[in-house]
Amino acid sequence: MALLETRGLSKSFGRLEAVKDLDLTVEQGELRGLIGPNGAGKSTVFNLITGFDVPTRGTVWFRGENITNVPAHKIAQKGISRAFQQSYLFMFSTVLENVLVGCHMSSRAGALREFLHTRSARMRDREARNKAMEILDFMGMAHLADEPASSLSHGYQRCLGVAMALACEPTLLLLDEPVTGMNPTESAEMVERIRRIREKGITVILVEHSMEVVMNVCERITVLSYGQKLAEGLPAEIQCNPLVVEAYLGKEEA
């Protein structure tokens with residue numbers, strides 16, 4: 001049984017078909033690339049998987065369960081987390097407090113116990129802080145725990161977005177252009193972190209415009225063009241696929 005599967009997944013916005021009849025299968029433990037030219041439908045696919053958009057038709061399956069019409073917050077609780085293309089951070093809160101938001105989203109502590117500050121709630125709070133610090137250490141950001149998010153460099157803000165997604169304890173992590181705007185050093189460090197995330201047993205789907213990053217880190221790649229699957233295969237197969245080259249570079253005039 002695949003970890004994630006979409007069957008005939010489609011999304012229309014009026015006359016625009018952003019995603020059309022997409023069949024996608026992702027196995028447990030994969031590091032899958034999802035690429036395509038601008039407007040190919042990549043972010044829309046992420047929105048459909050995570051419940052931020054409702055498909056026009058087709059279904060999304062996670063661990064054998066149909067999650068097509070499940071609300072976004074319940075999909076997150078089932079183990080799908082996402083780091084967005086744009087960093088949605090609490091800029092006036094500290095780095096640690098931002099990660100704690102993700103920790104509390106995955107916590108099962110009741111709201112009443114949290115409000116009354118019971119002994120069990122205090123214990124869960126300590127556990128959440130320890131967990132948040134472990135994630136920050138993993139992301140190379142422990143030394144920034146008490147800094148406001150607004151003071152971080154662009155690269156560290158992108159890292160913080162990933163840290164918040166990890167705090168939700170995902171089985172499947174969706175990364176939407178995680179190295180956008182990074183310099184070469186920051187990009188290389190993020191690639192290494194993505195590899196380490198997969199080594200922790202988390203399945204990753206990566207949307208990224210940097211072909212160097214995609215080809216170096218992903219084991220299999222799915223290519224979209226105008227909302228449809230254009231090609232799928234190993235990085236070496238995708239690199240020399242004439243349909244993919246044409247989609248990115250355009251067809252040469254005769």
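What you are looking at is a predicted structure, and each value in this text was computed from that prediction instead of being measured.

> Even after reading the chapter, I still don't get the overall build of the protein chain, so can you show me in this structure?
Broken down by element type, the protein chain carries 10 helices and 10 strands. Out of the 254 residues in the protein chain, the part that is buried amounts to 48%. Of the contacts formed within the protein chain by residues at least 6 apart in sequence, a portion of 66% connects residues at least 24 apart.

> Sorry if this is basic, but what is going on with helix 1 (residues 42-50) here?
An α-helical segment advances 3.6 residues per turn. Residues three or four places apart therefore align on the same side. Within helix 1, 8 of the 9 residues are buried, which leaves it mostly tucked inside the rest of the structure. Restricting attention to buried positions, one finds in helix 1 the residues K42, T44, V45, F46, N47, L48, I49 and T50. Where helix 1 terminates, the next one or two residues include G51, which has phi positive at roughly 85°.

> Would you mind showing me how to read the pattern of salt bridges here?
Where charged atoms from two side chains of opposite charge come close, those side chains can pair. Tallied over the entire structure, the rule returns 14 salt bridges. Of the charged contacts, one joins E65 and K78 as a salt bridge, the two residues approaching to 3.0 Å between their closest N and O atoms. A residue pair is termed long-range when its members are at least 10 positions apart, and E65 in strand 5 (residues 65-66) and K78 in helix 2 (residues 72-78) qualify at 13 residues. By relative accessible area, which is 35% here, E65 ends up partly exposed. When the shortest N-O distance is used, the salt bridge between R220 and E232 registers 4.0 Å. Linking R220 in strand 9 (residues 220-225) with E232 in strand 10 (residues 228-233), this pair joins segments that are 12 residues apart in sequence. Each of E30, R32, R220, K229 and E232 takes part in salt bridges that share partners, so that together they form one network.

> How should helix 6 (residues 154-167) be read in this particular structure?
An ideal rise of 1.5 Å per residue puts 20 Å on 14 residues; helix 6 measures up with 20 Å between its terminal C-alpha atoms. Burial analysis of helix 6 places 12 of its 14 residues in the buried class, the great majority of the element.

> Even after reading the chapter, I still don't get the nonpolar core, so can you show me in this structure?
Proteins that are soluble and globular tend to have nonpolar side chains buried together. Within the largest apolar cluster, 49 residues are counted, with the highest numbers of intra-cluster contacts made by V99, M139, M141, L160 and L166. For this core, the leading source of residues is helix 6, giving 8 residues. Look past the residues within four positions of L166 in its chain and what remains in contact with it is I135, F138, M139, L173, I197 and I202.

> For this particular structure, what's the right way to read the sheet that holds strand 9?
As a general point, the strands of a sheet are linked pairwise by backbone hydrogen bonds and lie either parallel or antiparallel. One open sheet holds the 6 strands; their spatial order is 6-7-8-3-9-10, and the pairing between them is mixed. Of all strands in the sheet, those with a lone pairing partner are strand 6 (80-83) and strand 10, marking the two edges. Averaged over all pairs of adjacent strands, the angle between strand axes in this sheet comes to 20°, irrespective of strand direction. Note: strand 9 against strand 10, 5 bridges, orientation antiparallel. Residue L224 lies in a different strand from strand 10, and its bridge partner there is K229. Across the sheet, helix 6 is in contact with strand 6 and strand 7 (172-176); its angle to strand 6 comes to roughly 170°. Packed onto the sheet, helix 7 (residues 184-199) meets strand 3 (31-35), strand 7 and strand 8 (203-207) and runs at close to 150° relative to strand 8.

> Where do I start with the confidence of the model for the protein chain in this structure?
Should the pLDDT be low somewhere, the predicted coordinates at that spot are not to be read in detail. Here the protein chain shows a mean pLDDT of 89. Residues at 70 or above account for 90%. Looking across the protein chain, the model is least confident in helix 4 (residues 111-116), with a mean pLDDT of 48, and most confident in strand 4 (residues 57-62), with 98. Across residues 108-112 the pLDDT falls below 50, and counting only partners more than four positions away or on other chains, this stretch makes 4 contacts in the model.

> Just checking my understanding: could you explain a nonpolar patch on the surface for this structure?
A surface patch of nonpolar side chains, about 330 Å² in accessible area, is lined by F52, F84 and Y88. Checked against the element boundaries, F52 lands in the loop between helix 1 and strand 4. Given the relative accessible area of 48%, F52 is considered partly exposed.

> So what exactly am I meant to see when it comes to the sheet that holds strand 1 (residues 4-13) here?
Overall, antiparallel pairing links the 4 strands, which are arranged 2-1-4-5 in an open sheet. Every other strand in the sheet has two partners, leaving strand 2 (16-26) and strand 5 as the edge strands with one partner each. Where strand 1 meets strand 2, 7 bridges bridge the pair, whose relative direction is antiparallel. Each bridged residue has a counterpart across the sheet, and for K11 the counterpart in strand 2 is V19.

About the cut-offs
In every chain, residue numbers begin from 1 and rise along the written sequence. Only residues with pLDDT of 70 or above have their local features reported here, since the model is predicted, and side-chain atom pairs are shown and tallied only from 80 upward, although totals for entire chains, interfaces and linings are computed over all residues. Computation of side-chain values: all heavy atoms of the structure, hydrogens and water removed. Secondary structure elements are taken from DSSP: a helix is a run of H or I of four residues or more, a strand is a run of E of two residues or more, and numbering for both begins at the N terminus. When accessible area is computed with a 1.4 Å probe and restricted to protein chains, residues below 20% of their type maximum are described as buried, those above 50% as exposed, and intermediate ones as partly exposed. Contacts are residue-level and defined by heavy atoms, with any inter-residue pair within 4.5 Å sufficient. Definition used for salt bridges: Asp or Glu carboxyl oxygen within 4 Å of a side-chain nitrogen of Lys or Arg. What a helix should span is 1.5 Å times the count of its residues minus one. For the purposes of this section, nonpolar cores are sets of buried Ala, Val, Leu, Ile, Met, Phe, Trp, Tyr and Cys residues that join through side-chain atoms within 4.5 Å. Strand pairing requires that DSSP identify at least two bridges connecting the strands. Between N-to-C directions, angles cover 0 to 180 degrees, with each direction set by a line fitted to C-alpha atoms, over the stretch in contact for helices. Confidence of the predictor at the level of single residues is given by pLDDT, which spans 0 to 100. Patch definition: residues with relative accessible area over 30% and no salt bridge; like charges joined within 9 Å; nonpolar side chains (Val, Leu, Ile, Met, Phe, Trp, Tyr) joined within 5 Å. Accessible areas in this description were obtained via Shrake-Rupley with a 1.4 Å probe; residue shielding takes into account the shown protein chains only.

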